[in-house]
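# Residue-level structural notes
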Amino acid sequence: DAGVTQTPRHEVAEKGQTIILKCEPVSGHNDLFWYRQTKIQGLELLSYFRSKSLMEDGGAFKDRFKAEMLNSSFSTLKIQPTEPKDSAVYLCASGDWGSSQNTLYFGAGTRLSVL
Amino acid sequence: AQSVTQPDARVTVSEGASLQLRCKYSYFGTPYLFWYVQYPRQGLQLLLKYYPGDPVVQGVNGFEAEFSKSNSSFHLRKASVHWSDWAVYFCAVSPQSGSFNKLTFGAGTRLAVCP
């Protein structure tokens, strides 16, 4: 089985640009997450989808961050407009809580640098 | 609300030495507990997970962890560290009745291995 695929691996943006990060979850998983990872804040939950429905949108990230899941095999995270403080690694993860695995699978992440 | 504390931001051990990474959790009741590892430029991978039962849990690559309800701890151990274990290790906690979106991660412990 393919794991979680994230593209691009690296993204460089100018302040004020719009960027879109992409994620393909593991086939058959019902739960999909977007996290932001920084050395200072650690892992911060941005969005959570269950069976394509947005269940949680990470409060503090609402205004410029928008995650979508148009089908069960693809999700995007849009940041608009970008700011230098958005520089971080963005991780996508999928899983199926309640299955025998109860394991969350992470993608390799997208490293975003905002200049 | 649950929380996880990893008191050691960084641990350095010699190759071949034993290892213990500490994790303390706060949760009313008995939670599910996890250890994830993040190798350089990769996403997080599950090392092991604890569900109520045997307090000592075996994971991949010779890792094990021991749950202690009295100490609210879930420390990770390895008898002999290899250079390839150089990574960041995250402890995580979840309520038994919850789902992935209730998963709370610690700040991580960065493990360095000396030759």
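Refer to the structure printed above.
Reference entry: report on the structure contained in this document. Being a predicted model, the structure only gives us computed values, none of them experimental.

### A look at the overall build of chain A
- Regarding its fold elements, chain A presents zero helices and 11 strands.
- Secondary structure elements in chain A, listed N-terminal to C-terminal, are β-β-β-β-β-β-β-β-β-β-β.
- Taking 115 residues into account, the globule formula puts the C-alpha radius of gyration at 13 Å, and chain A, at 13 Å, falls close to it.
- Counting only C-alpha atoms, chain A reaches 45 × 25 × 25 Å along its principal axes.

### Focus: the pairing of strand β9 (residues 73-78) of chain B
Residues and elements named next belong to chain B.
- Taking burial as the measure, the six residues of β9 include five buried ones, the bulk of the element.
- As defined by bridge partners, strand β3 (residues 19-21) adjoins β9 across three bridges and the pair is classed as antiparallel. The partner of L19 across the bridge, within β9, is K78.
- The turn linking strand β8 (residues 63-68) back onto β9 is made up of four residues, and S72 within it adopts a positive phi angle of 50°.

### Considerations on the interface of chain A and chain B
- Every contact between the two is made by 21 residues of chain A and, on the other side, 22 residues of chain B.
- Between chain A and chain B lies a buried interface of about 1,700 Å² when both sides are counted; carbon and sulfur atoms form 62% of it.
- Counting across the chain A and chain B interface gives zero salt bridges.
- In this assembly, chain A and chain B are joined by five residue pairs in polar contact (both at pLDDT 80 or more).
- Among the elements that line the side of chain A that touches chain B, the one with the most residues is strand β4 (residues 31-38) of chain A, at four residues.
- Class assignment of the residues belonging to the side of chain A that touches chain B gives a composition of nine nonpolar, seven polar and five charged.

### A short note on the pairing of strand β11 (residues 110-114) of chain A
All names here are of chain A.
- Only one face of β11 is covered, namely the one carrying T110, L112 and V114; the face carrying R111 and S113 has none of its residues buried.
- Pairing geometry for strand β2 (residues 10-13) and β11, over four bridges, is parallel. Bridged to A13 within β11 is V114.
- For strand β9 (residues 88-95) and β11, the ladder comprises three bridges, and the chain directions are antiparallel.

### Let's talk about the packing of aromatic side chains
- Within this structure, the stated rule accounts for 15 aromatic pairs over all chains.
- With a centroid separation of 5.9 Å and an interplanar angle of 35°, the aromatic rings of Y35 of chain A and F106 of chain A are classed as tilted. Of this pair, Y35 of chain A sits in strand β4 while F106 of chain A sits in strand β10 (residues 105-106), and the two are 71 residues apart along the sequence.
- You can call Y35 of chain A buried: its relative accessible area is 3%.
- For the pair Y50 of chain B and F74 of chain B, a centre-to-centre distance of 6.1 Å together with 50° between the ring planes defines the contact as tilted. Taken as a pair, Y50 of chain B in strand β6 (residues 44-50) and F74 of chain B in strand β9 lie far apart in primary sequence, 24 residues in all.
- Members of the aromatic cluster, connected to one another through ring pairs, are F33, Y35, Y48 and F106 of chain A together with Y32, F34, Y36, Y51 and F105 of chain B.

### Focus: the nonpolar core
- Counting 27 residues, the largest nonpolar core has L19, W35, L47, L48, F74, L76 and Y89 of chain B as its most contacted members.
- If you list the elements that add at least two residues to this core, you get β2 (10-14), β3, β5 (32-38), β6, β8, β9, β10 (87-94) and β12 (109-114) of chain B.
- If one sorts the elements of this core by residue count, β10 of chain B sits on top with four residues.
- Ignoring any residue separated from it by four or fewer positions in sequence, one finds L48 of chain B in contact with L33, F34, W35, V57, Q58, G59, F63, E64, A65, F74 and L76 of chain B.
- Core analysis: the next-biggest nonpolar cluster, separate from the first, contains 21 residues, A13, W34, L46 and C92 of chain A among them.

### Thoughts on the pattern of salt bridges
- Taken as a whole and judged by the stated rule, the model has 12 salt bridges over all chains.
- Taking the shortest distance from any N to any O, the salt bridge between R36 of chain A and D86 of chain A comes out at 3.9 Å. Here R36 of chain A, found in strand β4, pairs with D86 of chain A, found in the loop between β8 (74-79) and β9; they are 50 residues apart in sequence, far enough to count as distant.
- Residue class for D86 of chain A comes out buried when judged on its relative accessible area of 0%.
- In this structure, the salt-bridge partner of R22 of chain B is D8 of chain B, at a minimum N-O distance of 2.9 Å. Here D8 of chain B lies in the loop between β1 (3-5) and β2 and R22 of chain B lies in the loop between β3 and β4 (24-26), a separation of 14 residues in the sequence.
- Classification of R22 of chain B by relative accessible area gives partly exposed; the value is 35%.
- By relative accessible area, which is 21% here, D8 of chain B ends up partly exposed.

Thresholds, definitions, all that
- Residues numbered from 1 in each chain as written.
- Chains lettered and ligands numbered in written order.
- Predicted model: local features only at pLDDT ≥ 70, side-chain atom pairs only at ≥ 80, totals over all residues.
- Heavy atoms only, no water.
- Helix = DSSP H or I, 4+ residues; strand = E, 2+ residues; numbered from the N terminus.
- Rg over C-alpha atoms; globule rule 2.2 N^0.38 Å.
- Buried < 20%, exposed > 50% of the residue type's maximum accessible area, 1.4 Å probe, protein only.
- Pairing = 2+ DSSP bridges.
- Contact = heavy atoms within 4.5 Å.
- Buried area = accessible area lost by both parts, 1.4 Å probe.
- Salt bridge = Lys/Arg side-chain N within 4 Å of Asp/Glu carboxyl O.
- Polar contact = N/O pair within 3.5 Å; in protein donor to acceptor, adjacent residues only side chain to side chain.
- Nonpolar A, V, L, I, M, F, W, Y, C, P; charged D, E, K, R; others polar.
- Phe/Tyr/Trp six-rings, centres within 6.5 Å; stacked < 30°, edge-to-face > 60°.
- Core = buried A, V, L, I, M, F, W, Y, C linked by side-chain atoms within 4.5 Å.

That's the geometry; what it means functionally is another story.
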